[in-house]
Amino acid sequence: AVFASAEYRVSSKLEIKPAIRLSYNTDYKSPVVPSVMAKYSPTENMQIRFSYGKGFRAPGIKERYLYFVDINHNIQGNENLLPEYSDNFYLSLNHQSKWKKINNNFSLSGFYNDIRNLITLAQPDQTESLYTYINLGKFSTHGVSVTNTINYNAWSLSIGAAYTGRYNIYADSGAFDKYLYSPDFNGSVQYAFQKIDLTTSLFFKYNGALPGYQVNSDNSISQFSNDSYKFLDATIRKGFFKNSFFEPKLHNFFP
C-alpha cells in the first residue's frame, strides 16, 4: 500500500488536508481510498472540524481461515467473505474559554457511518453451536456527543453524554424502526498532588439499554432489550525518579 497526504492553508482561519491511499491485494480488488479533513477557526478559541473518509477492508486471515473447535467452542472461518466498503462523515465544534483561574473546554460532535458488507461473527443456525463470520448487506450508525471539561488549579472535572443510533437489519420488512437508539453518560474528576507527583482519578460510565431483535424458533421476529449497566473506576498514579527509573549520566562512564 501507498499513502500520501497534503496540507493546504487556504487562509489564516482555514486548513484543508486531502489524502489518498492505494493498495494491492492478491485476492480482492482494492479501490482507491480518498479522504479529506478541514479545520476552520472563526476565532482564536473556537475550531470547527469536518472530515470525510472512504473505507475498504479486506477480510483478515482469522476471519477466513480460523478453525477453533473444542468442547466449548465451534468457531470456523468463512473463505467466501466479501470485503467491507464504507463512508464516514464527522463534524465537531470545540470552544475554549477562561475566567480567572478556570479553564473550560466545550466539545460537540456528530458522525455518520455507512458500511456495506460489514464483517461480523454470527450464529447462522440457532439449533447448532457453530459460529462463523458473515457479511451483513448493509449497516450504518450515526450519533451525537457533547463533552465539557473544567480545569481549576489541580482539579479537573469532565462530564459528557452521547446518543447513538444503529441500523436495524429487520427494518426493510417495514414492521420495525429503521434505527435502534441508546444513550450513554460519563463523568470524571481528577486531582493532582503536584508536590509529590501523585494523581487521583474517579471515572463513571453509564451505558443505556440497547434495544434489539431476535429470530425465534418459529422464524418469527421479536424485540428484546439488553439491560443498561454502569461502572465506577478509581485510580491512583504516582511518578518516581522524575518519571524515569534510570537516567544514566554518560559523563560518569566516558571521561
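Residues numbered from 1 in each chain as written. Predicted model: local features only at pLDDT ≥ 70, side-chain atom pairs only at ≥ 80, totals over all residues. Heavy atoms only, no water.

### Digging into the overall build of the protein chain
Condition: Counting from the N terminus, the helices are DSSP H or I runs at least four residues long and the strands are E runs at least two residues long. To sort residues, take the accessible area from a 1.4 Å probe on protein chains only and compare it with the maximum for the residue type: under 20% means buried, over 50% means exposed, and anything in between is partly exposed. By definition, residues are in contact when any of their heavy atoms lie within 4.5 Å. All accessible areas in this document rest on Shrake-Rupley with a 1.4 Å probe, and a residue is counted as covered only by the protein chains that are shown.
On a plain count of helices and strands, the protein chain comes out with two helices and 16 strands. Here the protein chain holds 255 residues, and the buried ones make up 25% of them. Intrachain contacts of the protein chain at a sequence separation of at least 6 include 49% that bridge at least 24 residues. With an accessible surface of roughly 17,800 Å², the protein chain has 58% of that area assigned to carbon and sulfur atoms.

### A word on the environment of I134
With respect to the secondary-structure elements, I134 resides in strand β10 (residues 131-152). For the pair I134 and G77, spaced 57 residues apart in the sequence, the C-alpha separation amounts to 9.0 Å. Dropping the residues within four chain positions of it, I134 is found in contact with L81, L118, I119, T120 and A122.

### A look at the pattern of salt bridges
Pairing between side chains of opposite charge can happen when their charged atoms approach one another. Our working rule: When a carboxyl oxygen of Asp or Glu lies within 4 Å of a side-chain nitrogen of Lys or Arg, that pair is called a salt bridge.
Summed over the entire model, instances satisfying the criterion amount to eight salt bridges. Linking R57 and E63 is a salt bridge whose minimum nitrogen-to-oxygen distance equals 3.1 Å. By relative accessible area, R57 is classed as partly exposed at 33%. For D87, the salt bridge is made with R116, and the minimal N-O distance between the two is 2.9 Å. Here D87, found in strand β8 (residues 84-99), pairs with R116, found in strand β9 (residues 102-122); they are 29 residues apart in sequence, far enough to count as distant. Its relative accessible area of 12% is what places D87 among the buried residues.

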